[in-house]
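# Summary of structural features
Each chain, letter by letter, is given below.
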Amino acid sequence: MATTHFLAYPSRLLDNKIVDDESQSRDILIFFIPGNPGLVDYYEPFLSGLRTLLDATASIQHSRFHIYGQDLAGFRDDDHEPFTTKRKPHDLEYQIQHTLAVLKGLRIESGPRQGSSYDDVLLIGHSVGAYIALEIFHRLLQNPDAGSDLNLASGILLFPTIEHIARSSNGWKLDLLRRTPVLGDNAYRIAQGFLHICPRGVLHWIVHRIGGMPTQAAEITTRWLKSRDGVWQTLHMGMDEMKVIGEDRWDNELWEIAHDAEAHHKAVPKFFFFFGKNDDWVANHYRDEFILRQKQAERTRVIVDEGNIPHAFCMNHNEIVAEKVSMWISEMYDAR
């Protein structure tokens, strides 16, 4: 079986006019964790746009930023054995462990320090990817030996689904499906039955023309919908999210992350949370309560979109989100 699909955007060589000795510069890994469905190709315009923006930002040219994003497990048929009733799709806990294992294995791929560990790791997570990112922070700072080569410096969490997801408008519907006897366990069979008889060309036309997806996203979606296991993996993991992402624990968890960092003599990570103005996967009142609880946190910044960027920003709003993320990275690593 093939390894999990990934996208990588290596750092370019630094300008000698800015950095006299490249070996003295910092290598920073920007590790991107997608939402559900966990297909990183949806984010190619976002990640490539971020690469371009970082390369054009003069104030951070003293550092080399390496961008890496990878699928969550099970969303492509070639990364696993076929799922069965005995070998079911992966749950959220598996995705956390899988992502952490991948992260621990990454090393600098180019430049004067090729093969060495990164100086800093910046995790960017979208939707449930934000939950996975926070779990990785928490676990590694509680147990530094589990990732001794990883210096988790900061996190940017986009449209984060980190508490009470089942009480959002879309989450309520999925949780109702999960709790419905017989139907919840067989929803993927019903979906697969319909998708099997629907011709690929018709399906592409539906998601492109009726769903309003751009051509690239429509092709990715069609491939996923027509795959052997992709829809089952999506529904299985989504229903697990309804069970797991519930209790409002992250105000305490963020405090514990800071405490664990200090206890192990590490810099306290900095977090940027970017919420949508109206997000069908995040209940507004829980978002607002979370924001109030974080007002006193020194290294946590919470931003609520003032426009109408949707939860699935990777469909039509890659450029504007890449600009925001580039700006926050510049704040963290500005040399001026």
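Preceding block: the structure.
Presented here is a report on the structure given in the accompanying data block.

Rules behind the numbers
- Residues numbered from 1 in each chain as written.
- Predicted model: local features only at pLDDT ≥ 70, side-chain atom pairs only at ≥ 80, totals over all residues.
- Heavy atoms only, no water.
- Helix = DSSP H or I, 4+ residues; strand = E, 2+ residues; numbered from the N terminus.
- Buried < 20%, exposed > 50% of the residue type's maximum accessible area, 1.4 Å probe, protein only.
- Contact = heavy atoms within 4.5 Å.
- Areas by Shrake-Rupley, 256 points an atom, 1.4 Å probe, with all protein chains shown as cover.
- Phe/Tyr/Trp six-rings, centres within 6.5 Å; stacked < 30°, edge-to-face > 60°.
- Core = buried A, V, L, I, M, F, W, Y, C linked by side-chain atoms within 4.5 Å.
- Pairing = 2+ DSSP bridges.
- Axes fitted to C-alpha atoms, helices over the stretch in contact; angles between N-to-C directions.

### Observations regarding the overall build of the chain
Tallying secondary structure elements over the chain gives 11 helices and 7 strands in all. Split into buried and exposed, the 336 residues of the chain put 53% on the buried side. A separation of at least 24 residues holds for 81% of the contacts in the chain among residues at least 6 apart in sequence. Put simply, the chain shows about 15600 Å² of open surface, and 52% of that area lies on carbon and sulfur atoms.

### Comments concerning the side chain of His 126
Tracing the backbone shows His 126 in strand E4 (residues 120-126). Excluding residues that lie within four positions of it along the chain, His 126 makes contacts with Phe 32, Ile 33, Pro 34, Gly 35, Tyr 43, Leu 158, Phe 159, His 311, Ala 312 and Phe 313.

### Focus on the packing of aromatic side chains
Per the stated rule, a full pass over the model turns up 18 aromatic pairs. Between the aromatic rings of Phe 65 and Tyr 333, the centroid separation amounts to 5.5 Å while the plane-to-plane angle is 80°, which identifies the pairing as edge-to-face. Taken together, the positions of Phe 65 in strand E3 (residues 63-70) and Tyr 333 in helix H11 (residues 318-333) put the pair 268 residues apart, joining distant regions of the chain. Across the pair, exposure class does not vary: Phe 65 and Tyr 333 are buried alike. Where Phe 159 meets Phe 274, the ring centres are 5.4 Å apart and the plane angle is 80°; that geometry is what we call edge-to-face.

### What about the nonpolar core?
In this structure, Leu 158, Val 325 and Ile 329 are the most contacted members of the largest nonpolar core, which totals 92 residues. Counting residues per element, this core draws most heavily on helix H3 (residues 128-142), which supplies 10 residues. Setting aside residues no more than four positions away along its own chain, Val 325 makes contact with Phe 46, Leu 50, Ile 124, Ile 156 and Leu 158.

### Brief notes about the sheet that holds strand E6 (residues 270-275)
With respect to topology, 7 strands assemble into an open sheet ordered E1-E3-E2-E4-E5-E6-E7, the strand pairing being mixed. The strands lining the two open edges of the sheet, one partner per strand, are strand E1 (6-9) and strand E7 (300-304). Direction aside, the axes of adjacent strands within the sheet are offset by 15° on average. Note that E1 and E3 share 4 bridges and pair antiparallel. Note that in E3 the partner of Leu 7 across the bridge is Gly 69.

### Things to note about the side chain of Arg 76
Assignment of secondary structure puts Arg 76 in the loop between E3 and helix H2 (92-105). Contact partners of Arg 76, with chain neighbours within four places excluded, come to His 5, Leu 39, Asp 41, Asp 71 and Arg 223.

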